[in-house]
Amino acid sequence: MGEVVLAAKVTHVPSMFISEQEGPLNGIRKEAIEGLRQIGDLCRERGVDTIVVADTHWLVNAGYHINAKPDMSGLFTSTEFPHFLNNMEYNHVGDPELGQLIADTATENGVTTLCHHEVDTLEVQYGTLVPLRYMGIGTDIKIVSVAGWMYDAELEESKIVGESILEAVKKSGKKVAFLASGSLSHRIPPNKDVSDYLFKISRPLNQETDLMVLDMWKKGRIKDFLEIMPKYAEDCSGEGGMHDTAMLFGLLGWDKYEGQGEMMTEYFPSSGTGQCNVLFPVTS
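Computed from a prediction, not measured in an experiment: that's the story for all the values here. (Residues numbered from 1 in each chain as written. Predicted model: local features only at pLDDT ≥ 70, side-chain atom pairs only at ≥ 80, totals over all residues. Heavy atoms only, no water.)

1. So, the overall build of the chain
Assigned secondary structure in the chain consists of eight helices and ten strands. In terms of overall size, the chain behaves like a compact globule, its C-alpha atoms giving a radius of gyration of 17 Å where 284 residues would be expected to give roughly 19 Å. Principal axes of the C-alpha set define a box for the chain whose edges measure 50 × 40 × 35 Å. By sequence separation, contacts in the chain at least 24 residues apart represent 80% of the contacts at least 6 residues apart. Of the roughly 12000 Å² of accessible surface on the chain, a fraction of 48% belongs to carbon and sulfur atoms. (Helix = DSSP H or I, 4+ residues; strand = E, 2+ residues; numbered from the N terminus. Rg over C-alpha atoms; globule rule 2.2 N^0.38 Å. Contact = heavy atoms within 4.5 Å. Areas by Shrake-Rupley, 256 points an atom, 1.4 Å probe, with all protein chains shown as cover.)

Shown next as structure tokens:
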């Protein structure tokens, strides 16, 4: 029987790409990069076959969608932050078999989900590509990218998708890691001010709420967090509506999950948003 052997909430800030370039901003995100490197090391230590990423930079409008095309290689430039993230090479291999099994399982469980593995031109978004880069993932571990930004879906549906991912993995016979790729609060400052916010949060209230949430995770108060998550996502502009996070906790067991989050990278603000890398022990 297959199993999920690693689960985490991870950052994908494009300033990590700047951090590795020569110049005055070299090294600014070394802690975030180191946290992702450690998560990548754990994937290899635990014999992960496939990494499933819930990507809050992939917006979908009708149904849930999965990218599992065999050839995930190319050159990526962000349309959102082209001055931060441009001409980034990537080379990954998709897992069509697992992607289709997840889509079929989620659909059977009531959430229409489509897997795309024959559409060569379907791009992989940077919520998937950036964490994998700093985790050191090449073609040795397969990839499944799940859209994590739902235009008009309920968090309950994403919970079911998370549960379906776990169910599909158990059917698959594979060892799988799951990444919820997205920020905590995600209010980017106004255009006239944003250049001054590379190391700052957009609103103090967002940071205080982010830190409260992280404390809840570290203490295993997951049920309490889930009760406030919809309001938190709304009031603090959780990235992608926090659908990636709903998938994460759906996979972990939702309000029955009693694990405690382990900080792999301490909280940091970036371009007005709240970021972290947090590992969650898999107990189901």
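2. A word on empty space enclosed by the protein
Enumeration according to the criterion identifies one cavity of 30 Å³ or more in this entry. If you add up the space inside the largest cavity, you get close to 130 Å³. Along its surface, the largest cavity is lined by 17 residues, and Val13, Pro14, Phe81, His186 and Thr273 are the ones closest to its centre. In terms of residue class, the lining of the largest cavity is made up of six nonpolar, nine polar and two charged. (1 Å grid on protein atoms, 1.4 Å probe; cavity = no way out; pocket = protein on both sides within 12 Å on 5 of 7 lines; lining within 4 Å. Points joined across faces, edges and corners; volume = space filled by probe spheres on them. Nonpolar A, V, L, I, M, F, W, Y, C, P; charged D, E, K, R; others polar.)

3. Brief notes about the packing of helix H2 (residues 30–45) against helix H4 (residues 126–135)
Interaxial distance between H2 and H4 falls to 7 Å at its minimum, and their mutual angle equals 75°. With respect to H4, the axis of H2 lies roughly perpendicular. Across from Ile33, Leu36, Arg37, Ile39, Gly40, Cys43 and Arg44 in H2, the residues of H4 making contact are Pro131, Tyr134 and Met135. For the contact of H2 with H4, the residue count by class is seven nonpolar, one polar and two charged. (Axes fitted to C-alpha atoms, helices over the stretch in contact; angles between N-to-C directions. Parallel < 35°, antiparallel > 145°, perpendicular 65-115°, else oblique.)

4. A look at the pairing of strand S8 (residues 175–181)
The element S8 is largely enclosed, with a buried count of six among its seven residues. Of the strand pairs in this sheet, strand S1 (residues 3–10) and S8 are connected by seven bridges, and their pairing is parallel. Following the sheet pairing, Lys9 is matched in S8 by Ala180. Pairing analysis gives six bridges linking strand S2 (residues 50–60) to S8, with the strands arranged parallel. (Buried < 20%, exposed > 50% of the residue type's maximum accessible area, 1.4 Å probe, protein only. Pairing = 2+ DSSP bridges.)

Any functional reading would require information beyond the geometric quantities listed.
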